[in-house]
Structures are given as C-alpha cells and as structure tokens.
Amino acid sequence: MRNLKLRSRRSWELQGPGAPQGLAVHTDTGSLLLASPLAITETDHRTGQVSLTADGFLPDDGGGSVVGLQDLAEQESVCVATAGGDVILCNLNTDQLECVGSVDSGLTSMSWSPDEELVILTTGQETIIMMTKDFEPITEVGIHQEDFGEGKFITVGWGKKETQFHGSEGKQAEVQPAVPWDDRRPRVTWRGDGQLFAVSAVCPQTGARKVRVWSRECVLQATSEAVNGLEQALCWKPSGSLIASTQQQPNKHSVVFMEKNGLLHGDFTLPFSRDQAKVKELLWNSDSTVLAVWLEAAAGEEKRVDTHIQLWTVGNYHWYLKQSLDFGSDPQRAPACVTWDPEHALRLHVVTAGWTAVTYDWSWSTERSAGPDADDNAGVAVIDGDKVLVTTFRQAVVPPPMCSFELQLTSPVNQVSFLCQPQRTNQLAALTADGQVAVFVPGELRERTKLTSVCVCVCVCVCVCVGSSELELPGVVVGLVHGYQIVCKCDVVVVVVVVVVVFPPRLDGKRVSSSPLPPQLASNVSSFVVYDDFLILTTHSHTCRCLQLSTLSGALASDGGQNDETLRRVERGSRIVTVVPQDTRLILQMPRGNLETVHHRALVLAQLRKWLDSLRFREAFEVMRKLRINLNLIYDHNPQVFLENVESFVTQLDSVNHINLFLTELREEDTSRSMYPRPDSSSSQAPPPPPPPPPGVTKVDVVCDALRRCLEALDTHRFCLSILTTHVKKTVPELEVALQKVHELRVNPPGAAGAVSAEEALKYLLFLVNVNELYEHSLGTYDFDLVLMVAEKSQKDPKEYLPFLNMLKSLETNYQRFTIDRHLRRFRKALQHLSKCGEERFPEALQLIKEQKLFSEALRLYPAGGAPHKALSRAYADHLMEQQQPEQAGLLLWRCGEPAEALQAFVSGSSWRNAVSAAQQIPLPPPQLALLARQLAGKHSLTWTHTHTHTHTHTHSSPAGMTCCVVCCVCCVCCVLCVLCVCVLSDDEAADCVDADLFSEASSVMTNSRYSHSNSRISSRSSKNRRKAERKKFSLKEGSPLEDCALLCALSDIISTEVHGLLKALVLFQFDGQAQKLQLAYGEALHTMEAAVPEIWQDVPQQSQAPVTGPNSTANSITASFNQQKPAAAQPGECVLLLLQ
C-alpha cells in the first residue's frame, strides 16, 4: 500500500549537436552520456564532446544514426554502434575513438550482457552476432529459425493447433502483421543474471512480431506463440522470469508478460483505447519494482500527440499506475531518450529532443492519516491511476486491491496527502498529473486551482530545508514522520524538523551550505511509524520493535532479549502500513501484498494502562480477553482505584460471564510487576504502590469481598453465579456458604426475570469445584437435603451414599455431627461435638485426643476440676514427657493435684525452683528435702544456700500478686511500643509530641536502674573486660549516642525473662484468661517491633535465615552466617503457646 512520492526533480539545459539518439549513465561519476548523429556528449562537461564525424564514422550532414550506446566501467570507455555497421569504442579519459569492428550489412541494435562480458549485435541481414567484451566473435546465427528451440513442448496426441477451432473469425485471425507505426527493428533484452536473452523481430513470412529466447551460448531455447497485435517494446524483468511487451487487442491496449518458454503469463490494461497510444519502450528499474511505459497518445479533438511516461507497480497481483509524467505536445519537450539509473533504483533520467536533461528521484511512501484520537479512521490512501483507493482500518481491514471506498478523478494522480490538523485528519488532497489539486472532505469532493509555478511535494527530499541552510541526507528517503525521524534506504535513521518542502520547477544543481548529519540511531530499518510515545519499526532481520521515544537510543542499541516484549518476529519482508489510533492494532503488509493485523505486546499494554487510568474497564477487558492478557492487571494496575470503582467495573462489564471470568483468573501474584512491568521511562507515571495488606488478608480475598458486596447491592438474583464465584475463589473457599445459598434457592425459588434457579447454580458450582469435594463440603453443612441434592448431580452410586446417610440420620445430633466431622477428618470440630455427648463418650474422646494430639483444645472444652480434665492433664503430661518437655509436664501435673509426679518431672527437667516448691507442697520430710536439694545443686553447680529462693514463688502466689505481675508485664509491653514510636519520630516531631516529657522521665528513671554503668576505664586484657566494655556502650543515660539501642536491649531482657516466667506462673495457678491476654499482648508487641525494623534501620540489610553454604563458601563464612542467625522471637513464650493455643 505504498505510493511513489517525488522527492526531487533536477533539470538543466545541454548544448549538443544534432538530435539525441542514445543515453547511458556513467556509473563512476553518475553523469549522463548522450549520443547524437554527430558527437558523444557528457553532462558534467568533464569530457566535453567527442565528434563522431571527424574520422568518418558518421556523415557530417547528420544523416547517420546511432543504434546503441553502452558505458563500460571496467574499460573506462563508452561503446557506440552505428546504423552503418561500425562499433566504436571511445576512451573517456583520452577522448580517443577506435573502431573495433564493422559489419557491411549495417547494424540494427546492440545489447550488452549485465556483466558486460558479452555483446549481441543484430545486423541488417537479420542475423545475431555474439562477441566477447574484447570484440572477438563467438558465433553468428540467423534471427528467424524454423525450429522452436531446445525447450520444445511435448505433444500428447491431442492434435495440432492448426486443426483446432479458432473462433468466429476463423483461421485468418491467426496471422496479423505488425502495427503500421512499428519501426520493424529487432529488440534485444537480457535477463538479470545474463544467462538468457530475448529477441523480438518481425517475421518475414507473416509480418508479425515473434519473441525468441536464446541462451548465453546463443542457442535457441524457445519461440513465442503467435500473438496478434504484439508491438515492438520488449524488456526482461531483471529479478524475474517475465518478459514484458505490449499488445494491441480488439478492445484494449495491454502490457503482456511472457515466460521464458514463450507462453503468455498475465497482463494489465493501459488507460487508453485501441490505436490511441503508441508504446515506444518498456523499462524495468534495477530492483524490478517499477515498470516505466514510454508512450505517445493522441488527445483532444485536434488529435494532438502528447508524450507520457507512466510508472507502474504491482501488489497482490494488481498493477497500479503510481506516476504519470506528461510532457505535452511540444516536440522539443518530448523525451528522446529515457533510462533508469543502474545504481539508484528509483531514479529516472530523461533527455528531451531540445537537449534538456531531467532527473527524477522518487521514494516509497505510505500515505496514512495522522490523527491521535479515536475520531481518526486510520485511513491509508493508495494511488491507482485516476483513482485514489482509501482504506479505513478502524472499521475493517480490507486487503488490496480492494478498499473501503475510492475517489474517482479526471486525470491520473501523482501525489496524495492527509490533512494534519486535529479533528480533520480524515480529509485528504490529491495532486493530479495536469496540476490540479482535489480536496476530499468526507461527503464531498472539491476541485482546486491549477498549480503552474511550483510543484508541491508533501515529503522530505534529499535537501531538507532547516532555516536558511540545507541538510543533505545519504541514501533514498523511504518514510517521514512529522517532527521526528525519517528512514533512509541506506538503513540510517536521522532526525528532521521540517515536513513540507516546496521545490521550484528547475534546479541548477548547486549545493548550498550544509549542516552536519544528526547522529545515527539505528541501522537495519526497513519501515517505521511514530505513534503516541512509541517508535514502531520493522528491520531487515524480520522483527518488529515497539520502543519508547524517551529511551530510544538505549533501546535501539540492544537487540532485545528472548522475552523482550518490545520485540516480536514477523514475516520476511513485512512493512508497516499504519497503527489504528487509540487502539492496539498494527497493520503490516507482506511482500506479496496481503495484509496482516498484529497486536504488539508493548502497544497493547500501553493502551490498556490508558484505558484503566480513565476507568474504561469494558474496553480494557475486551482487549485483554481477546489477546489473552492476564486479567489480574485490571486490579494490579492500581488497586486503590479499582476498589473505589468496583461498581463502575461491574456496570461497564454488565455480564455475568465476564465477571466470572475475571474472578476465576484472580491470583496472588502482582502482574504489574512480574508479568507486565512498566518501562523504565514510564515508571515515574506509575501509580503509587498500594499499602501492604494487613496480616492474613490476601489480594484474592479483598477483591472477592469487594465484588460480592457490590453485586449483592446491585442485584442478588441476576449476579447469583458471580456471588457464588466470590465464595469459591477465596483463599480458603467458602464452599459451605455457597452451598447454603444454593439450598436457599431451592427452598425459596426466585420469581424475578432472569434469576438463576437452584439447578443452574448447583451445576455451575460443579463446574468450579470437583464433585467429590463439593459432596464432602455439603456433608459438612449437616444438611442432608443439600447432601442429596449434590449427590444426585454426581456420579456416585446411590447404593454407596444412601446407607451412610441413613445411618447418620439415626444418630443423636451431636454424635451425628461428630461422626460426619471424623469422616471429613475435621478432628477439632469432631472433638467439640463429641465433648457435648456426655461423660459416657469420654473414652472415645480421649482416644481421639491422643491420636490427633488435640490436648490444648480438649483442656478448653472440659471444665477444670472434673475427672475428664484431670485425665486429660495426665495424658497431656505423658505426651509432653515423650516430647522431652518435662517442665511443662510438671506444671500440668501440679495443676491437676499430682505434686509427687510433678516433682519427678521437675527433677528430670532440672527445674530446681519448681522442684523445691513441689517438695514443700507434698511435703517431703527434711532428710529427703535435703537430699533433693543436694541432687539439684549438683546438677546446677549451686550451693545449698540458694534453696532459699523458693520463697519467691510463695511471695507471688497470691491472686493480688499475680494481678500486679500481669499489670506490670502489660506495662512493659506498652513501654516497648512507646520506645518504638520515639525511635521512628524525628527530632522535630518528638519535640511536638505531648508525651515527650514522659518518655524522657522514663529514660531518666531507667538510667538509675541496674543497667547503668560507670565511666571507669575499661581494660581489654580479658574477655570479661571486653564484654563489660560492650555493655557500657549501650548506656541508658539521657542523651547518650546509643540511648535507643540501650532501651531496646533493656526492654528485651525484661520481657524475655519476666514474661516467660510470669506466663508459667499464671498457667500453674490456673489464671488462664490473664495468661492468654498477656500472651496476645506479647505477640502484638513482637509483630510491631518486627514491622518497625525496616523503617527505623532502613540501611540494615535483610539477613538470610539460612546459613550461607555452597562450593564458594569457606569455614569462616559459614561460621559467620550461623552466628548472624537470629533466634525466633516467639521462643520465650513457646511453652505457653503450646499450652494455650
């Protein structure tokens, strides 16, 4: 869908004798070599003119004729063939002429092979002479051969062509002579690889033209079939197997193509009627993309003859007329010689009969609308002769040569451009070959005035005007975007600032002051477009990249990783056509002409973020569902905004299926950081990260709860299935709640229109959850009607579950539920129901407790003082002894009134204080008490005098004392929180705090505690002194450098010793409520401290809990990693957690 856009037209007057008859391009200098009946002329005037009449090669009166001209770069010469039969070699350095050969019968044409190794001469005797580049003859054969050639077809016995039916005109239609204006000269053309050449000549017997194909050894390969009306023009496609010629048909004038076997293979019609035009020559450019048709056509009532050069291209098997150069009817302005430049594929050289040389330079350009908003239709205009084919890709992707609509004009169109003003980008203007401008506004077509003084080219040419200077760009410009970059065919991206350049009709070729070239950003670029904040380009390595403009240099320098979302593979030779604004579609055109629509991942994510920021949930959801983007991004992009606009999300989707799809894809992963991270350039525009959720609260639960509240508020019956999904999708699925709602639907069927029945709801639940799992959960609701409803939908045999259900129905309620919970392995709930069945079921309960280790739950269920509680305590104590926890076993035995067994547990656990207290309570006789004391003292290396400390326990054994201890420990916990607040606050904030004086006084009091140290000189001679010096660093003195650390250390010592001991004392004396409160406060304090550590010490690295090991570790590094491990914060209260959990 590209057009040829004129980027420069240079013309200059030449002074040459006679009329131009031959044209060639000097490849070394790029100058033009012209041959006339009198001289050879070079356009740059370096060589000047070399006379062809001085040595008698051509007559002085100008009656001679030049039939061939060829530049020989290796020999630095130009070869000229005259009609008189001479082959002349002119040295371009010395201007010397040399006749290298002569043919008496004269020459009619000369053609050199593409590699300049062979030359073909056709003589006046209708023969072909093949010679080497040194002009040594190889062979001479006649043009007209009776044989078909080596590629003769095989007859399968279907009869000869002469005997077949020939239509209503009969056999006379087979042979038609050449057109009257045919010059009857042979035409020779070579294939691009130089292995074959074709000769078109008039057959002496029939008077019609035939094309014969010859090999490089001058062996006939094939002869074309008889083609009525075949004309003189002949040109072989350089990179293909097609030979182009023209044909006059009864109702049209066509360009036809032949294969190397002489058979016709396709054609296209010229925009002229029969006998209206005379095609003089056909010329392929060097890369076989453009076919130039040089013709003369009669126009007007006076039948004046106008000369035209038309440029045709092909795409998707359709031929487009892209450019039409009109030279009028003036004979002096009519082209005398036309040729393509061998180095620049889109450069055409024309020399007129009045010795005016004109050079045209074109570039490929895709004319697309440039609107940034959704009002732009993403239109692309394609020139096709006197029509403009417009395709609006926002509505549909229409493959060429079809289009959304076409604009019919009165003459061929040369240029077309869309308007760049906002809200009017769908308007376009077309410049026709006769200088008229037509402006198309959707709904009307207006003609404008004719342009005569200037030629407007809406693209950048070789010289881009920047102020008063000019910037010369290397290569051929193949694309342009306003104010950004242009891409050259030499694979360079450069920056320009001017978009529209106006050329005068003539240039003298002088170069103005040049500016330095901007830096190269990328190579290997084949096409590109700038859309929004992205540069989208295709490369010769068959990739399409979508890059942020702000990070363009770094992104283009890298090749992209394997999972780079800015890069995707495309088909070989793909080119960008357009991008649909405010959409995710990127239109690519393949080399054969068909279109493909791709959704580049980077482009899709950028558009999704825009839609989510503007709360356009429906558009975002549809694109994500179609392109398989994880739907979690809707929430992860900005969780706070989503939760605030849940109702808008539901109303925009307005579909139960879509809401269910969103819910079923929910997961805990933050896709905005893992799967679809923002580019580095747009990270500053990202929404702030959401606050961390409270402990135990997950993302899935938050979204499910928010959606369920919204759905229940809008319409419970309509969104019933979505509400069920919110229950099932939670981290801990609420299947019982979902089943209960299904049961309610069955009991009370809704009467509203569109409501969901119980059968549909249950069927949907079975789709979400495994039927066996759903059956187990329905059984856990203890509702047998619900169990039967689920069982009926399962594949279970009624003989399997009906006897079991009947057995359950026959049991007492609590024992029935115990049986169900035990079947479902919900042992804690089973124990709760079994404890309500009376003491006669206690042996069964005790067995369950021992098997499932449910001692803590059992102690709470059975009241203290009863026989079951005592039996549970003894069983728990036995379990603790097996777990090597004798101290806790002793406490339990002491609680249940078994001091003797408790004493044994304390002694085995070396708990000497509790052992002495238990011995006092038994009481033991003095000798046994003394023996016990000595035994304990030996274990702890203690003296007998320490045994007086047992009175400390009796001092605090009163309820008042216990209450005081609980209050003190709670105060210690609150003090920890206050110290943390002081650490977090800055100096200014602490000065404004109303409790700052209180904290200061507390620190002053603590300064006089037993943790304060003197300022005596510390000796480092012993380890004891070193430890003492370390402790002195953490001084509790007000204003000391490490006062906050000293407070934390002091409070840690207080809590780790006092709380641990107090909890054991509270459990011993059966203050379970107070112990539970203290334990909860202790846990909250630990959690607060752990959460505040990163905020207080922000630069402290997180230490790994696992030791550093591996092949690269050393003994010292492993030891250091073990030493750095922190003990678990909950260890001091571990025994109480075991007792009271």
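The paragraphs below set out a description of the structure included in this document.

Parameters at a glance
- Residues numbered from 1 in each chain as written.
- Predicted model: local features only at pLDDT ≥ 70, side-chain atom pairs only at ≥ 80, totals over all residues.
- Heavy atoms only, no water.
- Helix = DSSP H or I, 4+ residues; strand = E, 2+ residues; numbered from the N terminus.
- Buried < 20%, exposed > 50% of the residue type's maximum accessible area, 1.4 Å probe, protein only.
- Areas by Shrake-Rupley, 256 points an atom, 1.4 Å probe, with all protein chains shown as cover.
- Phe/Tyr/Trp six-rings, centres within 6.5 Å; stacked < 30°, edge-to-face > 60°.
- Lys NZ or Arg CZ within 6 Å of the ring centre and 35° of its normal.
- Contact = heavy atoms within 4.5 Å.
- Pairing = 2+ DSSP bridges.
- Axes fitted to C-alpha atoms, helices over the stretch in contact; angles between N-to-C directions.
- Polar contact = N/O pair within 3.5 Å; in protein donor to acceptor, adjacent residues only side chain to side chain.
- Salt bridge = Lys/Arg side-chain N within 4 Å of Asp/Glu carboxyl O.
- Left-handed = near helix turned anticlockwise from the far one by under 90°.
- Nonpolar A, V, L, I, M, F, W, Y, C, P; charged D, E, K, R; others polar.
- Parallel < 35°, antiparallel > 145°, perpendicular 65-115°, else oblique.
- Core = buried A, V, L, I, M, F, W, Y, C linked by side-chain atoms within 4.5 Å.

**A short note on the overall build of the protein**
Thinking step 1. Counting its regular elements, the protein contains 32 helices and 50 strands.
Thinking step 2. Every one of the 1141 residues in the protein was classed for burial, and the buried ones make up 45%.
Thinking step 3. If you sum the accessible surface of the protein, you get close to 56600 Å²; carbon and sulfur atoms cover 52% of it.

**Focus on the packing of aromatic side chains**
Thinking step 1. Under the criterion given, the structure shown has 22 aromatic pairs.
Thinking step 2. With a centroid separation of 5.5 Å and an interplanar angle of 15 degrees, the aromatic rings of Y360 and W362 are classed as stacked. As far as burial versus exposure is concerned, Y360 and W362 are alike and both buried.
Thinking step 3. Linked through ring pairs, F257, F268, W284, W312 and W319 together constitute an aromatic cluster.
Thinking step 4. Above the ring of Y320, the side-chain terminus of K322 is found at 4.6 Å from the ring centroid.

**Observations regarding the environment of L711**
Thinking step 1. With respect to the element layout, L711 can be found in helix α8 (residues 699-714).
Thinking step 2. Taking the C-alpha atoms as reference points, L711 and S722, 11 residues apart in sequence, are found 7.8 Å from one another.
Thinking step 3. Among all residues touching L711, those that are not within four sequence positions of it are V650, I659, T716, F719, S722 and I723.

**Overview of the sheet that holds strand β2 (residues 22-25)**
Thinking step 1. The four strands are arranged β2-β3-β4-β5 in an open sheet whose pairing can be described as antiparallel. Lying at the two open borders of the sheet, with one neighbouring strand each, are β2 and β5 (49-51). Each strand axis lies, on average, 15 degrees off the axis of its neighbour in the sheet, ignoring direction.
Thinking step 2. The pairing of strand β4 (residues 39-42) with β5 spans three bridges and is antiparallel. Its bridge partner being in β5, T41 is matched across the sheet by Q49.

**Side note on helix α15 (residues 813-823)**
Thinking step 1. Within the span of α15, buried status applies to N814, Y815, Q816, F818, T819, I820 and D821.
Thinking step 2. Each element contacted by the buried residues of α15 is listed here: α12 (771-780), α13 (784-793), α14 (798-809), α16 (827-835) and α17 (842-852).
Thinking step 3. Between the side-chain oxygen at the start of α15 and the backbone nitrogen of N814 there is a gap of 3.2 Å, and the oxygen is on E812.

**What to know about the environment of V439**
Thinking step 1. Its place among the elements puts V439 in strand β35 (residues 436-441).
Thinking step 2. What makes V439 buried here is its relative accessible area of 16%.
Thinking step 3. Linking V439 and L428, residues 11 residues apart in sequence, is a C-alpha distance of 5.9 Å.

**Brief notes about the pattern of salt bridges**
Thinking step 1. Within this structure, the stated rule accounts for 36 salt bridges.
Thinking step 2. Residue E669 pairs with R667 through a salt bridge whose shortest N-O separation is 3.3 Å.
Thinking step 3. A salt bridge links K730 to D705; its shortest N-O distance comes to 3.1 Å. One end of the pair, K730, is in the loop between α9 (720-728) and α10 (735-747); the other, D705, is in helix α8, and 25 residues separate them in sequence. The exposure classification of K730 matches that of D705, with both residues buried.
Thinking step 4. Residues joined in a network through salt bridges with shared partners are D182, D183, R187, R209 and E281.

**Some points on the packing of α9 against helix α11 (residues 758-768)**
Thinking step 1. One can describe the packing of α9 onto α11 by two numbers: an axis separation of 10 Å at closest approach and a directional angle of 35 degrees. Note on packing geometry: the crossing formed by α9 with α11 is right-handed. Across the interface between the two elements, L721, L724, T725 and V728 from α9 touch E760, A761, Y764, L765 and L768 from α11.
Thinking step 2. Tallied by class, residues from the contact of α9 with α11 come to seven nonpolar, one polar and one charged.

**So, the sheet that holds strand β21 (residues 264-269)**
Thinking step 1. Read from one edge of the open sheet, four strands run β18-β19-β20-β21, paired in antiparallel fashion. Of all strands in the sheet, those bounded by a partner on one side alone are β18 (230-236) and β21. Looking at each pair of strands side by side, their axes are set apart by 25 degrees on average, direction ignored.
Thinking step 2. The sheet contact formed by strand β19 (residues 243-248) and strand β20 (residues 253-258) spans six bridges and is antiparallel. Bridge pairing in β20 places Q248 opposite H253.

**Description of the pairing of β18**
Thinking step 1. Burial of β18 is extensive: seven of the seven residues sit out of reach of the surface.
Thinking step 2. The hairpin formed by β18 and β19 contains six residues between the paired strands.

**Observations regarding unusual backbone geometry**
Thinking step 1. Of note, the bond from P400 into P401 is cis; its omega dihedral lies within 30 degrees of zero at 10 degrees.
Thinking step 2. Tracing the chain through its elements places P401 in the loop between β31 (387-392) and β32 (405-408).
Thinking step 3. You will see that F135, though not glycine, has its phi angle at about 65 degrees, which is positive.
Thinking step 4. By the secondary structure assignment, F135 is in the loop between β12 (127-132) and β13 (137-142).
Thinking step 5. Residue classification places F135 among the buried residues on the basis of a relative accessible area of 12%.
Thinking step 6. Backbone geometry at Y317 places phi at a positive 65 degrees, although glycine is not the residue there.
Thinking step 7. One can find Y317 in the loop between β24 (304-315) and β25 (318-326).
Thinking step 8. In this structure Y317 comes out as exposed when scored by relative accessible area, which is 81%.

**Focus on the packing of α14 against α15**
Thinking step 1. Two elements in contact, α14 and α15, have axes separated by 9 Å at closest approach and are oriented at 140 degrees. On the basis of the axis angle, α14 is oblique to α15. Touching F804, L808 and K809 of α14 are Q816, T819, I820 and H823, all from α15.
Thinking step 2. Classifying every residue of the contact of α14 with α15 by side-chain character gives three nonpolar, three polar and one charged.

**What about the nonpolar core?**
Thinking step 1. The biggest cluster of nonpolar side chains holds 67 residues, and the ones touching the most others in it are L608, I634, F642, F649, V650 and F662.
Thinking step 2. It is α8 that provides the largest number of residues to this core, a total of seven residues.
Thinking step 3. Setting aside residues up to four positions removed in sequence, I634 forms contacts with L612, F617, F621, M624, F642, F649 and F662.

**Concerning the environment of L295**
Thinking step 1. The residue L295 is located in strand β23 (residues 291-299) in this model.
Thinking step 2. Separated by 17 residues in the primary sequence, L295 and K278 have C-alpha atoms spaced 5.4 Å apart.

**Quick look at the pairing of strand β22 (residues 277-284)**
Thinking step 1. When β22 meets β23, the two strands line up antiparallel, connected through seven bridges. Bridge pairing in β23 links L282 to V293.
Thinking step 2. Hairpin connection from β22 to β23: six residues lie between these consecutive antiparallel strands, with S288 at a positive phi of about 65 degrees.

**Structural notes on the side chain of R708**
Thinking step 1. Residue position: R708 is located in helix α8.
Thinking step 2. At 2.7 Å, the side chain of R708 and the side chain of D705 are in polar contact.
Thinking step 3. Residues contacting R708, with those up to four places away along its chain left out, are I723, T726, H727, K730 and K741.

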